[in-house]
Amino acid sequence: MSRLPAATVRRLQKLPQIPSVWEGDRHSLPSSPVAGSQPSPGEGECILWVDGVQGVVRAMEVVPAGSGMEPMVRALIAAMERPNAGLPARPQKIVVRNREVRFFLHGILHELDIKVEYQPELPLIDEILQSFAEAQEQIPPPLPENYAELLASKAFTLWQDAPWEYLEDHHILAIELHQWDVETLYVSIMGRAGMEYGVIFYRSLPSLKQFRQQARQADPAEMEEVFLRQDCLYLTFQPRHPELEDWPNLDLAELDPEEIEPNFGTIHPLEGLRGVLQEEEAATLAVALEALHCFLKQYRRKLEKGFQPCQGQYCVPNPQGEALSVQVRTLPELAAELLALEEEKPTQALLREDLLPEGAQLGLGLLPWATVEVLRRAGQVHPLPQSKLVQKGEGLPVVIVRTSRSKAKQLIENLRGEGGPQGVCFNTGVDPFDGHRYELEIVQTGNRDLHLFGEFPKDDPVHSRARRRWERRCRDTGGCCGLVIAMGANSHQPELPVHHILAVFEMQALSPKRLGLGPLVRVSRHLHF
């Protein structure tokens, strides 16, 4: 049986012992707690230690289900030394409702002069668990009960329609409802950049224009307030498993549909963000999503060729009564106005272009972990401070720069002088002179400067495939990647020989939002971004 270290026992013995009885228990999450219930596999558990005399919770900790009995001891020690309420102390007695736990604790705590007893009922903890359950029952569901399945079905249909494959966020659609105090919804599609997928339904045109104007001018610290000034309903998509949200450059389009779930809500300047919809709001979204689906089904092929005038009239089922006649149409003039607004005030970010040698070849690739180790032993790997590189997946995803040997050595010295590369991101670039959009490969160095490493047409299938592989590999490594500096720019070898690699700098895969970037606009025909 496990025992506390002697030093821990001596430390705890120094705490004053109070004439109190503490109740201890653990119960399942996230469903409403039921006293004495056993946790379901895969759920979390909440451990409680309560002072029965003072009537206060001294410790509460959430742990994974099936984590053994040790967490009960850790939570008890915290209740003694670092209580949530009350002063540090040892109880005279503790009671638990599980005989196995009682036996385990008795063997651990006998040196601390703490009695451990079994008691089938724990009145104070049962009262706390009941209050948890009542509070849970009072929390309204995100969607009215009779709309949850309906809206989930509409959202999944939209995911299959995938309008972000051919519509930009400034390609605004109008949905005329004339119902539920809504005349027209102005629809903006998100997801073209592969970052966040969804649809925003603005309740008024001024709200849409105001948000886009303010978002272009706001500092990063002001963006939350600007965001909350919108007047809209929204549908966004998120990974079903929360841990996936921490993956860098996560593209939901690469996940299986069953790994994705919809998220509905509303925003109003005087109310803020609300993730719980009223019945009228849910009905509005149900009708709007169905009308949008009908429109996309009718005009997809036409819209894939360009954002042009399209209009459709649809008879849509109404969850609250007779079917509605809903008109959906494109707004090309508004789209041009919003695009001009973006170009008028480009993101204030200076991209330096003096770092890469002229004629250098760029690419995305992979270094097997065995190769990384060989280079590390040779002293050619430059780790980030407090590196968190984890060897998972096929290998280390890398940005590869190939140039002549002399230029490669100079580039390495220049990178060191800039504080070394810290991260890389891919961001949208707009060329207002020809209307084309690009994906910009941007590297940030230790001195916070941003360097343009490459620009690729948005519709380049070769680059798109390479980017998808890159993002998958970065997820495997938790966002760790590398910058490879190699010689042999004129080599025709498809593989990069190890002896051609002169340096590997560790970096992090970053999102444009983390660098405070929006779409970057070319300001001259003769200048890059």
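Notes on the structure in this doc start here. Keep in mind that what you see is a predicted model, and the values were worked out from it rather than measured.

For the structure shown, the criterion picks out 28 salt bridges. D354 is the partner of R352 in a salt bridge, and the nearest nitrogen-oxygen pair spans 3.1 Å. Between R467 and E471 there is a salt bridge, and its shortest N-O distance comes to 2.5 Å. Remark: E471 and R467 occur in helix α12 (residues 461–476); sequence separation between them is four residues, near one turn of the helix. The structure contains a network of salt bridges with shared partners spanning R352, D354, E418 and D449.

This part covers unusual backbone geometry. Unusually for a residue other than glycine, H178 sits at a positive phi of about 55°. Mapping H178 onto the fold places it in strand β6 (residues 173–179). Judged by relative accessible area, which is 47%, H178 ranks as partly exposed. Look at W180: it is not a glycine, yet its phi comes out positive at around 55°. Among the secondary structure elements, W180 is positioned in the loop between β6 and β7 (182–190).

Attention now goes to the packing of helix α2 (residues 70–81) against helix α3 (residues 99–109). Helices that pack against each other are described as a pair by the angle of their axes relative to one another and the distance between those axes. Orientation of α2 relative to α3, taken along the N-to-C sense of each, is 55°, at an axis distance of 10 Å. Taken together, the axis directions place α2 and α3 in an arrangement best described as oblique. Between α2 and α3 lies a crossing of right-handed hand. Contacts between α2 and α3 involve E70, M72, V73 and L76 from the former and V101, F104, L105, I108 and L109 from the latter. Residues belonging to the contact of α2 with α3 are distributed by class as follows: eight nonpolar, no polar and one charged.

Before going further, it helps to examine a negative patch on the surface. Side chains of D181, E183, E279 and E280 sit close together on the surface and give a patch of like negative charge. For E279, the location among the structural elements is in helix α8 (residues 279–304).

Here we take up the packing of aromatic side chains. Following the criterion strictly, the structure yields seven aromatic pairs and no others. Where W164 meets F237, the ring centres are 6.0 Å apart and the plane angle is 70°; that geometry is what we call edge-to-face. In this pair, W164 sits in the loop between α5 (148–161) and β6 while F237 sits in strand β9 (residues 232–239), placing the two residues 73 residues apart along the sequence. Taken individually, W164 and F237 each receive the classification buried, so the pair is uniform in this respect. Here the aromatic rings of F295 and Y299 are separated by 5.1 Å at their centres, their planes lie at 50°, and the arrangement is tilted. Here the residue F295 and the residue Y299 both occupy positions in helix α8, the gap between them amounting to four residues, near one helical turn.

What counts and what doesn't
- Residues numbered from 1 in each chain as written.
- Predicted model: local features only at pLDDT ≥ 70, side-chain atom pairs only at ≥ 80, totals over all residues.
- Heavy atoms only, no water.
- Salt bridge = Lys/Arg side-chain N within 4 Å of Asp/Glu carboxyl O.
- Helix = DSSP H or I, 4+ residues; strand = E, 2+ residues; numbered from the N terminus.
- Buried < 20%, exposed > 50% of the residue type's maximum accessible area, 1.4 Å probe, protein only.
- Axes fitted to C-alpha atoms, helices over the stretch in contact; angles between N-to-C directions.
- Parallel < 35°, antiparallel > 145°, perpendicular 65-115°, else oblique.
- Left-handed = near helix turned anticlockwise from the far one by under 90°.
- Contact = heavy atoms within 4.5 Å.
- Nonpolar A, V, L, I, M, F, W, Y, C, P; charged D, E, K, R; others polar.
- Patch = residues over 30% accessible without salt bridge, like charges linked within 9 Å, V, L, I, M, F, W, Y side chains within 5 Å.
- Areas by Shrake-Rupley, 256 points an atom, 1.4 Å probe, with all protein chains shown as cover.
- Lys, Arg positive; Asp, Glu negative; His and termini not counted.
- Charge placed at Lys NZ, Arg CZ, Asp CG, Glu CD.
- Phe/Tyr/Trp six-rings, centres within 6.5 Å; stacked < 30°, edge-to-face > 60°.

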